[in-house]
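What follows is the residue order along each chain.
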Number of protein chains: 2
Amino acid sequence: MEETNHQPHLCDKVEHSYQLIGKKWIGLIIHSLLDEPKRFSEIHAYIPDLSKRVLNERIKELEESGIILRNVITDRPVRVEYSLTRKGNELGKALKAVEAWAEKWL
Amino acid sequence: MEETNHQPHLCDKVEHSYQLIGKKWIGLIIHSLLDEPKRFSEIHAYIPDLSKRVLNERIKELEESGIILRNVITDRPVRVEYSLTRKGNELGKALKAVEAWAEKWL
DNA sequence: AGAGATCGGTTACTTTTAGTAACAATCGAA
DNA sequence: TTCGATTGTTACTAAAAGTAACCGATCTCT
């Protein structure tokens, strides 16, 4: 912090949500999982500019926030799938409003 | 880029929008301007953890993207106000969906 | 059985982005 | 005429993201 006259307002939840979606790649990752669960490598193929290191980091953060779920599928071969929770799915739907804005204005 | 099998999809506009709102502070800055125009120092007071250096940078980016407008009001003393364009206002309204999600889930 | 390839990561290192603090030009008030 | 507010800028540090090489556990091919 730099100066100190922050009087007013600004809801904690709202602030928190902007801090969430204000992180690089979060929006696209959620978008990519909206239709169906995806494997690590599928997300990575879908968003090639996102490095594996950061993808891994984002996935862990989104898991901690209860937005995505890690499912280990014990078939042969063992696969790891990521899916949206209900919370995550609803965030994805909220972000659709931004996507609609993008279609109109960009 | 790291590997090279990015086959499919992903709309440019959508990608661009996520790159926009995926930048730190952008969401909160737009939120802060949604009700009424604000001066530099008012935005800064509203979001105290955002440094002046970065606020200045973000403002320039948002101006270039046609989302906010810089109005120099030639009264005494001269003031500088920032307001949302129509484009910016609609983005702000789209972000309200995310805020509603935050109210419900956070 | 051995040689590769794939998958889901991790590690070590570099580059980019954000935070901090100090400064400055302009103005008006005391 | 000195002070504070306002809107920045500059120089420097710290944090976040990008890059590339590596790993262990399967699989596939021959």
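Located above this text is the structure these notes cover.
In this report, we go over the structure that sits alongside the text.

About the criteria used
- Residues numbered from 1 in each chain as written.
- Chains lettered and ligands numbered in written order.
- Predicted model: local features only at pLDDT ≥ 70, side-chain atom pairs only at ≥ 80, totals over all residues.
- Heavy atoms only, no water.
- Contact = heavy atoms within 4.5 Å.
- Buried area = accessible area lost by both parts, 1.4 Å probe.
- Salt bridge = Lys/Arg side-chain N within 4 Å of Asp/Glu carboxyl O.
- Polar contact = N/O pair within 3.5 Å; in protein donor to acceptor, adjacent residues only side chain to side chain.
- Helix = DSSP H or I, 4+ residues; strand = E, 2+ residues; numbered from the N terminus.
- Phe/Tyr/Trp six-rings, centres within 6.5 Å; stacked < 30°, edge-to-face > 60°.
- Lys NZ or Arg CZ within 6 Å of the ring centre and 35° of its normal.

## A short note on the interface of chain B and chain A
Then, in step 1: Listed per partner, the contact involves 47 residues of chain B and 46 residues of chain A.
Then, in step 2: Both sides together, the interface formed by chain B and chain A hides about 4500 Å², and carbon and sulfur atoms give 68% of it.
Then, in step 3: Looking at the side of chain B facing chain A, the largest losses of area belong to Y18(B), W101(B) and L106(B), adding up to 15% of the total buried there.
Then, in step 4: Counting the contacts that link chain B with chain A gives 2 salt bridges.
Then, in step 5: With a closest N to O distance of 3.1 Å, K104(A) and E90(B) form a salt bridge.
Then, in step 6: Taken together, the links from chain B to chain A amount to 12 residue pairs in polar contact (both at pLDDT 80 or more).
Then, in step 7: Of all the elements in the fold, those that place two or more residues in the side of chain B that touches chain A are helix 1 (12-21), helix 2 (26-33), helix 3 (40-46) and helix 5 (86-105) of chain B.

## A few points about the packing of aromatic side chains
Then, in step 1: What the rule picks out here adds up to 0 aromatic pairs over all chains.
Then, in step 2: The aromatic ring of Y46(A) is capped on one face by K38(A), whose charged end is 5.2 Å from the ring centroid.

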